[in-house]
Amino acid sequence: MDGKALRERELIALGGLIHDIGKFWQRKREEEGQRERSEESQHFGYAHAEFGFNLVRELFENRGGKDIILSSFFHHKPNSEHEYARDDLKVIRAIYRLADWYASTERSELTDIESEKLFKRLKPVFQTVNLFNQCRSEGEYYYKLSPLSLDKEVIFPENLYEAKDYVKGKEDELFEEYYGSYKNLWDEFWREFSRIKEIEETSKALSLAYSILYKYLWCVPASIYDRERYHSHYPDVSLFDHSRVVSALATSLYTDYNLKVLEDYNDRKRENFAQEVRLVLFEGDVSGIQRFLYDLANYEKVAKRLRGRSLFLTLLPEIAGRYILKELGYPFVNLLYVGGGKFQAIIGYEEGIEEKLKDLATEIEKTLIREFGGKLGFVLYFKNLALSDLREYYKVVKELMERGEEQKKRKFSLTIQNFKSLANRRLEGATQICPSCRWEVIPEGEEVCSWCERFAEVGGFLPKAQYLLYTSKKPSVKNLKGFYLEPLGGFYLSDSVDTIPVKEFEEVSCLNSTEIQEGTTGFRFLALTVPRKQTEEGTEVKTFEDLSEEAEGDQKIAFVMADVDNMGLIFMKGLGEKNYTISRVATLSRSLDLFFSGYLNKLFQEEKFKDRVYTLYGGGDDLFIVVPWDTALKAIERIREDFGEYTCRNRCFGLSSGVFVSGGSFPVRIAGDRVREAEKRAKSEEKDRICVLDEVLGWDELKKAVEKAERVAKEIELKEIGRTNLYRIYMLLRTYGRAKGSERLMFYPYFYYFLNRNVKGDEHRRLIEDLFIDQERDYEIRDSALFTAKYLLMKTRGVRSGAFKSL
């Protein structure tokens, strides 16, 4: 296709995003008691399509290519005789028809009787997930109608029946107050969406439309009880996710190959055409992320470099994905998912596309080798499919994953012959090793390498950042804080849109706020929480040493890592083969990322966590934070509790965590290895567990142990119980607690001897006994006993140096 392909696809993408906007308006009308239809609706197939057309026609009246955008409203009737349904745009209408049809494959299996009656609200996709026929949620959950924010009251689902009990017998006004109103949501949406009229560039209009639709349609179900079609669809896919998938599929059908297939499109034979048009689903995976993040010496500004690196690694997969799409003439909407070091995208088939993808992957691989000498790698794998294959999407993804596993075994296979020459370019003029990363070579006289300096600059600026700017071309303005990889593209940070040439950037997003400001094109969520302190020079970010000094008891910090258990299995099996659809997978991945990339920022602003949490990474389905050691357990327990509530108490969604405790100056590269080892230990047993202070516990077990330990700690502070006794018990547990058979029995005489000889009062003796002995299990030593002893010793200032493993 010629150079107009990207612009035309942007127009098609915009039409795909808004094709069902009339459903939103229709529900608002029904809420007001209006159900009449216009005679014009016959040209559109359904009333909501006509509503959408009439609503947005004026907004796009003066935009070039408006007829392409408005063609999306004929997605139910591509053969319409309406005046806007021109013959030369029939193939565009066919594209929208097929894209909508195959983005809606989730509507055939589950039913929802509630939606037929009064309750037209979105249900969380989390309660659809089921592993081994034993993990589904109890009860029914829903989302209120509300503009998107990071507030728990907005994005957390609520139990359906509890909510119904609350409004039972009440007036309609109270019902709307509790559940939210389509009318109120629409009115807010339309005021903001009308700004599209003022945006001249189609690419920026597309970005703005995407964010506004996300903000308001995230909680609106794509399909509910349909009076026109007499269908009762299970509403667990949002109208936003359905629309973004339609947008991606529609642009993917706009290739020379597919247009030729669709020249003689006949809607009655759409299944046949769907078997002929072809798509390419592909994933890119950046390898070496974990090692790259932690491989830092404890050189000055280490904390700044760590968070700068973390942001870079978070954005790198998106930079790579956008580069590929841009080079092939596709907009960003074709990125279905970005997170966890990888991205997934869909495009249309055209002759030679496989070689083009390999060439682009080679360019990305070369860039990473030139810049980082092989520390970071990249693999790309793809699957050629027919549009009709989306009806068995699980098979498509399974084959794609299998190809990915094979491709990951051939790291740098695209550039292996040139690897040495590419990597050695970094050696020109070099005379010494960078003291920070300890692998880059730099000229004599330079303090650190250019990337370490850049990471420190970005990390230092990050707490002030209010905006994230994307560009595919290096901007002319100097002194911007960010990352640019030639020729891939880059992201920059800013604390103001008034002091930068926004026209040089393709997107300007507000960070962690859905209040879309003038001069911006939307919003983004990134896990950016850092602890601050006030100094004579002003507000500064705390160091790890600062955090360790704030810990109660032993002055140490904790490196905490956690992720969702069985994530691969959930995506492959949890939705079931028949319910595993492209739109439902898009909803699930976006919903998970909203918790880790977005909500955690809000959680860490609560009083108990404010200025005590250092987020190194959060996104996709995992997180990595640094906190004072005594705050660590409170934070990870709260995260796990909130995640359970967020996922509808569905037992499929376990969370495993590793916690490594050390001094504030402990080497980061070693701490990173230790916390990963701890997380692996937590997952190696039953999962949904935590490994902390070298002990693996269940979450309930941890909570009870800490509660009991806190009671004893208070008695120690009051000097009612001597701390020396705890150290003796701790040594006994180390000696006999993990022993087997008769040797383990030696614990009991020593324990009760210490208890009765050194602890005064029956009440205090019972308190200590219950801490370590489970009387209900025939006086077994509690599984949490050794953890409890360590926790108490630290809480009461028992250990002063080194990592806790020294105990």
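Computed from a prediction, not measured in an experiment: that's the story for all the values here. (Residues numbered from 1 in each chain as written. Predicted model: local features only at pLDDT ≥ 70, side-chain atom pairs only at ≥ 80, totals over all residues. Heavy atoms only, no water.)

### Details of the overall build of the protein chain
Consideration 1: For the protein chain, the helix and strand inventory stands at 31 helices and 23 strands.
Consideration 2: Here the C-alpha radius of gyration of the protein chain, 29 Å, is about what a compact globule of 807 residues would show, namely 28 Å.
Consideration 3: The principal-axis extents of the C-alpha atoms in the protein chain amount to approximately 95 × 80 × 55 Å.
Consideration 4: By the burial criterion, 62% of the 807 residues in the protein chain qualify as buried.
Consideration 5: Taking as baseline every contact in the protein chain between residues at least 6 positions apart, the subset at least 24 positions apart corresponds to 70%.
Consideration 6: Roughly 33500 Å² of accessible area belongs to the protein chain as shown, and the carbon and sulfur atoms make up 44% of that amount.
Consideration 7: Within the protein chain, one finds 125 positive and 135 negative side-chain charges whose respective centroids are separated by 3 Å. (Helix = DSSP H or I, 4+ residues; strand = E, 2+ residues; numbered from the N terminus. Rg over C-alpha atoms; globule rule 2.2 N^0.38 Å. Buried < 20%, exposed > 50% of the residue type's maximum accessible area, 1.4 Å probe, protein only. Contact = heavy atoms within 4.5 Å. Areas by Shrake-Rupley, 256 points an atom, 1.4 Å probe, with all protein chains shown as cover. Lys, Arg positive; Asp, Glu negative; His and termini not counted. Charge placed at Lys NZ, Arg CZ, Asp CG, Glu CD.)

### Some thoughts on empty space enclosed by the protein
Consideration 1: Counted under the stated rule, the structure contains five cavities of 30 Å³ or more.
Consideration 2: Space inside the largest cavity adds up to approximately 110 Å³.
Consideration 3: Ser310, Leu311, Ala527, Leu528 and Leu616 are the residues nearest the centre of the largest cavity, which is lined by 14 residues in total.
Consideration 4: Looking at the lining of the largest cavity, the elements with two or more residues in it are helix H16 (302-328) and strand E17 (614-619).
Consideration 5: Class assignment of the residues belonging to the lining of the largest cavity gives a composition of eight nonpolar, five polar and one charged.
Consideration 6: Forming the boundary of the second largest cavity are 13 residues, of which Leu122, Tyr143, Trp218, Arg590 and Ser591 lie nearest the centre.
Consideration 7: Residue contributions to the lining of the second largest cavity peak at four residues, all from helix H23 (residues 582-603). (1 Å grid on protein atoms, 1.4 Å probe; cavity = no way out; pocket = protein on both sides within 12 Å on 5 of 7 lines; lining within 4 Å. Points joined across faces, edges and corners; volume = space filled by probe spheres on them. Nonpolar A, V, L, I, M, F, W, Y, C, P; charged D, E, K, R; others polar.)

### Topic: the pairing of strand E11 (residues 489-494)
Consideration 1: Within E11, six of the six residues are buried, leaving the element largely enclosed by the surrounding structure.
Consideration 2: Alternating positions in E11 separate into two faces, Gly489, Phe491 and Leu493 on one and Gly490, Tyr492 and Ser494 on the other, with burial throughout.
Consideration 3: Sheet topology places strand E9 (residues 467-471) next to E11; five bridges connect them, and they run antiparallel. Bridging across to E11, Leu469 finds its partner in Tyr492.
Consideration 4: Sheet topology places strand E10 (residues 481-485) next to E11; five bridges connect them, and they run antiparallel. (Pairing = 2+ DSSP bridges.)

### Quick word on the pairing of strand E5 (residues 342-348)
Consideration 1: Among the seven residues of E5, six are classified as buried, and the element is accordingly described as predominantly covered.
Consideration 2: Sheet analysis places strand E3 (residues 278-287) next to E5, joined by seven bridges and oriented antiparallel. Directly across from Val280, in E5, lies its bridge partner Ile347.
Consideration 3: Between strand E4 (residues 335-339) and E5, which pair antiparallel and follow one another directly, the connecting turn spans two residues, one of which, Gly340, has a positive phi of 60°.

### Focus on the packing of H16 against helix H17 (residues 353-372)
Geometrically, a packed helix pair is captured by the angle between its two axes and the distance between the axes.
Consideration 1: Look at H16 against H17: their axes get within 10 Å of each other, and the N-to-C directions meet at 145°. As for how H16 packs across H17, the hand of that crossing is right-handed. For the pair H16 and H17, contact is made by Phe312, Leu316, Ala320, Tyr323, Ile324, Glu327 and Leu328 and by Ile353, Lys356, Leu357, Leu360, Glu363, Ile364, Leu368 and Phe372, respectively.
Consideration 2: Split by residue class, the contact of H16 with H17 holds twelve nonpolar, no polar and three charged. (Axes fitted to C-alpha atoms, helices over the stretch in contact; angles between N-to-C directions. Left-handed = near helix turned anticlockwise from the far one by under 90°.)

### Things to note about the pattern of salt bridges
Consideration 1: The full count for this structure, using the stated rule, is 59 salt bridges.
Consideration 2: Between Arg438 and Asp295 there is a salt bridge, and its shortest N-O distance comes to 2.5 Å. Taken together, the residues Arg438 in the loop between strand E7 (432-433) and strand E8 (441-442) and Asp295 in the loop between helix H15 (289-294) and H16 connect sequence positions 143 residues apart.
Consideration 3: Judged by relative accessible area, Asp295 falls into the buried class, the value being 14%.
Consideration 4: Here the residues in one salt-bridge network are Lys152, Glu606, Arg638, Asp642 and Glu645, joined through shared partners. (Salt bridge = Lys/Arg side-chain N within 4 Å of Asp/Glu carboxyl O.)

### Regarding the sheet that holds strand E12 (residues 507-511)
Consideration 1: Here we have five strands laid out as an open sheet, ordered E10-E11-E9-E12-E13, and mixed in their pairing. Both edges of this open sheet fall to E10 and strand E13 (522-524), since each of them pairs with a single strand only. Taking each pair of neighbouring strands and ignoring which way they run, the sheet shows an average axis angle of 25°.
Consideration 2: Judged from the four bridges that link them, E9 and E12 form a sheet pairing that is antiparallel. For Tyr470, the partnering residue across the bridge sits in E12 and is Glu507.
Consideration 3: Contacts between helix H20 (residues 450-461) and the sheet are confined to E10 and E11, with E10 contributing the most and set at about 140° to the helix.

### Quick look at the sheet that holds E3
Consideration 1: Ordered by their spatial adjacency, four strands build an open sheet running E4-E5-E3-E6, and the pairing between neighbours is antiparallel. Each of the sheet's edge strands pairs with one partner strand only, and the pair in question is E4 and strand E6 (377-386). Taken pair by pair, the neighbouring strands of this sheet meet at an average axis angle of 15°, ignoring direction.
Consideration 2: In this sheet, E6 lies alongside E3 in antiparallel orientation, the contact comprising ten bridges. Bridge assignment links Gly284 to a residue of E6, and that residue is Leu380.
Consideration 3: In the packing of helix H12 (residues 239-252) onto the sheet, the strands contacted are E3, E4 and E5, and the crossing angle to E5 comes to about 50°.
Consideration 4: Along the sheet face, H16 touches E3, E4, E5 and E6 and points at about 15° away from the line of E5.

In short, the description is geometric, and any link to function would need to be established separately.
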